[in-house]
Amino acid sequence: MRWIKTIGITGLSLLILWVGAPVVRAQTGSSWTGEYFNNPSLSGAPVLVRTDQAVNFIWGATAPAPGLPADRFSVRWTRTAYFEGGAYRFIARSDDGMRVYLDNVVIMDSWVDRAPDPPVIVEINIPTGQHIVRVEYYENGGTAMASLGWIPLGSAGTTQWIAQYYNNLTLAGGPVIERIEQTIDYDWGFGSPAPGQLSSDGFSARWTGSPYFTAGSYAFTIYADDGVRLWVDNQLIIDQWRGSGLTPAYTAVVTLNEGQHAVRIDYFEQIEVAAIRIEWALVNMPVPTAIPPTPVPSGSPVTGSWQAEYYNNPTLGGSPSHSEAMAAPGLDLDWGTGTPASTVPSDNFSARFTRQVTFTESNVRFVLRADDGVRLYLDGVPVLDEWHTASGSYYFADRIITPGDHTLTLEFYESSIRASLRFYWLYPRPVSAGTGAAAQVNAYLLNVRSGPGTAYPVLGRARHNETFTVTGRSTSDPRWVRINYGMMEGWINGTWTTLQGSSTAIPQVPIEAEAVPLTFGIPTGLRARATTNLNIRSGPGTSYPVIGWLAAGVDVAVVGRNSTSSWWEINFSHGRGWISAGYVQLEGTLGAAVPVTG
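Scoring rules and cut-offs
- Residues numbered from 1 in each chain as written.
- Predicted model: local features only at pLDDT ≥ 70, side-chain atom pairs only at ≥ 80, totals over all residues.
- Heavy atoms only, no water.
- Helix = DSSP H or I, 4+ residues; strand = E, 2+ residues; numbered from the N terminus.
- Contact = heavy atoms within 4.5 Å.
- Buried < 20%, exposed > 50% of the residue type's maximum accessible area, 1.4 Å probe, protein only.
- Pairing = 2+ DSSP bridges.
- Phe/Tyr/Trp six-rings, centres within 6.5 Å; stacked < 30°, edge-to-face > 60°.
- Axes fitted to C-alpha atoms, helices over the stretch in contact; angles between N-to-C directions.
- Core = buried A, V, L, I, M, F, W, Y, C linked by side-chain atoms within 4.5 Å.
- Polar contact = N/O pair within 3.5 Å; in protein donor to acceptor, adjacent residues only side chain to side chain.
- Salt bridge = Lys/Arg side-chain N within 4 Å of Asp/Glu carboxyl O.

Engineer: Help me understand the overall build of the protein chain in this model?
Structural biologist: In terms of regular secondary structure, the protein chain is built from zero helices and 48 strands. In the protein chain, the proportion of contacts linking residues at least 24 apart, taken out of those at least 6 apart, comes to 71%.

Engineer: Explain the pairing of strand β32 (residues 404–414) to me, please; I cannot follow it from the model alone.
Structural biologist: Regular strands have side chains that alternate between both faces of the sheet. Where burial is concerned, most of β32 is hidden: 10 out of the 11 residues are buried. Pairing geometry for strand β27 (residues 349–359) and β32, over 11 bridges, is antiparallel. The partner of F349 across the bridge, within β32, is E414. Inspection of the sheet shows strand β29 (residues 373–378) paired to β32 by six bridges, in the antiparallel sense. Pairing of L378 across the sheet is with L408, part of β32.

Engineer: Looking at this structure, I do not really get the packing of aromatic side chains. What am I missing?
Structural biologist: How two aromatic rings sit relative to each other is set out by the distance from centre to centre and by the angle between their planes. Scanning the entire structure with this criterion turns up 40 aromatic pairs. Relative to Y88, the ring of F83 lies with its centre 5.1 Å away and its plane at 90°, an arrangement referred to as edge-to-face. The exposure class of Y88 is buried, given its relative accessible area of 9%. Aromatic pair F366 and F423: ring centres 6.1 Å apart, planes at 10°, arrangement stacked. Of the two residues, F366 is situated in strand β28 (residues 363–371) and F423 in strand β33 (residues 419–426); the sequence distance between them amounts to 57 residues. As far as the burial class goes, F366 and F423 line up, both buried. In this structure an aromatic cluster arises from ring pairing among Y36, F57, W59, F73, W77 and Y137.

Engineer: Before we go on, may I ask you to explain the sheet that holds strand β5 (residues 73–83) in this structure?
Structural biologist: In sheet architecture, strand pairing relies on hydrogen bonds along the backbone and comes in two forms, parallel and antiparallel. Read across the sheet, six strands follow the order β3-β2-β5-β10-β7-β8 without closing on themselves; strand pairing throughout is antiparallel. A single partner strand is all that each edge strand has here, and the edge strands are β3 (48–52) and β8 (105–110). Along the sheet, successive strands turn relative to each other by an average axial angle of 15°, direction set aside. Summarising the sheet, strand β7 (residues 98–102) and strand β10 (residues 129–139) pair through five bridges and their orientation is antiparallel. If you follow L102 over to β10, its bridge partner there is V133.

Engineer: Sorry if this is basic, but what is going on with the nonpolar core here?
Structural biologist: Considering soluble globular proteins, one finds that nonpolar side chains tend to be buried as a cluster. Counting 36 residues, the largest nonpolar core has W335, F353, F366, L408 and F423 as its most contacted members. Sorting elements by how many residues they give to this core places β27 first, with five residues. Of all hydrophobic cores here, the second largest spans 31 residues; its members include A224, A252, V254 and Y267.

Engineer: Is there a simple way to think about the side chain of T497 in this case?
Structural biologist: Take T497: it is sitting in strand β40 (residues 497–500). Residue class for T497 comes out buried when judged on its relative accessible area of 13%. In this structure the side chain of T497 is engaged in a polar contact, spanning 2.9 Å, whose partner is the backbone oxygen of G494.

Engineer: Whenever I open this one, unusual backbone geometry confuses me. Can you help?
Structural biologist: For residues that are not glycine, phi is negative in most cases, and the peptide bond is trans in most cases. A cis amide bond links D95 with the next residue in sequence, D96, at an omega value of 25°. Tracing the backbone through its elements, the reader meets D96 in the loop between β6 (86–95) and β7. Omega for the peptide link from D371 to D372 comes to 25°, which places this bond in the cis form. By the element assignment, D372 lies in the loop between β28 and β29. Unusually for a residue other than glycine, N465 sits at a positive phi of about 75°. With respect to the helices, strands and loops of the structure, N465 is situated in the loop between β36 (458–463) and β37 (467–474). The residue S565 is not glycine, and still its phi comes out positive at about 60°. With respect to the helices and strands, the residue S565 is situated in the loop between β45 (555–561) and β46 (567–572).

Engineer: How should I be thinking about the sheet that holds strand β30 (residues 381–386) in this particular structure?
Structural biologist: As summarised here, the arrangement of the six strands in space is β25-β24-β27-β32-β29-β30, forming an open sheet in which the pairing is antiparallel. Both edges of this open sheet fall to β25 (322–326) and β30, since each of them pairs with a single strand only. Within this sheet the neighbouring strands show an average axis-to-axis angle of 15°, counted without direction.

Engineer: How should the pattern of salt bridges be read in this particular structure?
Structural biologist: Between side chains of opposite charge, pairing is possible as soon as their charged atoms come close. According to the stated counting rule, one finds 17 salt bridges in the structure shown. Ionic pairing is found between R206 and D266, a salt bridge with its closest N-O pair at 2.8 Å. With R206 in strand β15 (residues 203–209) and D266 in strand β22 (residues 263–269), the pair connects residues that are 60 residues apart, well separated along the chain. By the burial criterion, R206 is buried, and D266 matches it. Put simply, R264 and D266 hold a salt bridge, and the shortest N to O gap is 2.9 Å. For R264, a relative accessible area of 27% corresponds to the partly exposed category. Owing to a relative accessible area of 2%, D266 belongs among the buried residues under this scheme. Among the charged side chains, a salt-bridge network with shared partners connects E35, R76, R99, D109, R134 and E136.

As structure tokens, then:
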């Protein structure tokens, strides 16, 4: 069943009374008041009333709480929610029946015995303001689950997966764990998905969900150790049900209409390392048209300088509690467990960085690494949206633009523990003719760089068993080989690969043909450890602009000093910079000679 209905809700709907049921005060905020009944018809008084954080449950064959049966029970959830005016899509998955009311008006009615997929979908217009949402649900027999969410119409939203884990290789019998998960991107290593409940070897899992897709052809890619199968709309499109370690990136292309589609992944882990990841992307997207430069209004940031605004909340709400200018070309900020400023908390803060940039080429790759969430805009147009918790994840985006002045905006939020943000851009070089040789990656993840060495920026990441065409070898360090990385040139350390084909056919690439690395100094053996959060500047003094940030407790290599040794020149991930000697502790070779470099 897939039911889509469009209705309008006006302010008059608040006057409609629901007759024949007890009055329950709606929970305000994001929580629900849950009333649980020991019958399937919501009859009589509830045997349990509690606060639930979400309508998002998989009970399986068990009861939702002590004192309730596992079958033939019902639940009513009520809350008050704020909506911005506009069209919304409500998505319900239940086993068995569910009804949804908005301001006491029925907007969804699937009061029948049913399976959770396909979901029931309703699209409605809602005026701005607070509205009462009520959900009614019953379980007749068998397994039980209930889930309700809503998103603004036109938004893809977040996929919720029903995850079922089995203590055998064949998905046999009942699952020992059932839960709802937001992503399928796991590297359990030699461990278990649920220590104490699930063995680390010899288990299997099934994920089912209904992601939303715009119309087009999609490439589905799965990495797995060990076996995996993928279904889309009940069609088996990837079948690699075998124990073979981390498999190559298996890909299948499927054409989909706009809307939600049933996706199912079956997986088993045999022995040793366990890992699985699924991703998909449009493959028939038109070639991006050039984006003309946007005129820069008055008050916009000066070219070469970031205007940073920090907020003491994770939503960029209200007025900034701290502002500063930063002169670095990109951003390289590692706050660790510290704070960007005394007026900003170390957790649950957000920031906005804005800058005008003069791009000299049309083909640009943007690179972001963040802990936690981040968004990137180019001339006000979204480029990347990764607004979720993360632990230093890399993100990449390619754009074709018109050379000239453009405005970049970065939005960032920190949830808890460590905080960091790194951002830069590259002009990718085109691919070259193959040599007959190929490199297969042995590492689980291998950085692909713009040049032959770790001094060159990361432009992508290669996964275990991926194979790339080799087009050259570095003259400066023969361990590094040049590859065709998608539609661009990249470099990887051949130590972490298996070379296939003849190595004698690989030409050496002249030094002048290699990408320009970041500028680093020669380490002296002396290291400086920050005793407090510390600005990194472009020169030896506070009159020089800030180009980076060093968290308290982090140590860096010293490569130079000023004539009075009151400032140290250091290497950091964006190149070279200067820090005040009064806020560091020296370590390493304390008697080392440090040259005067500024």
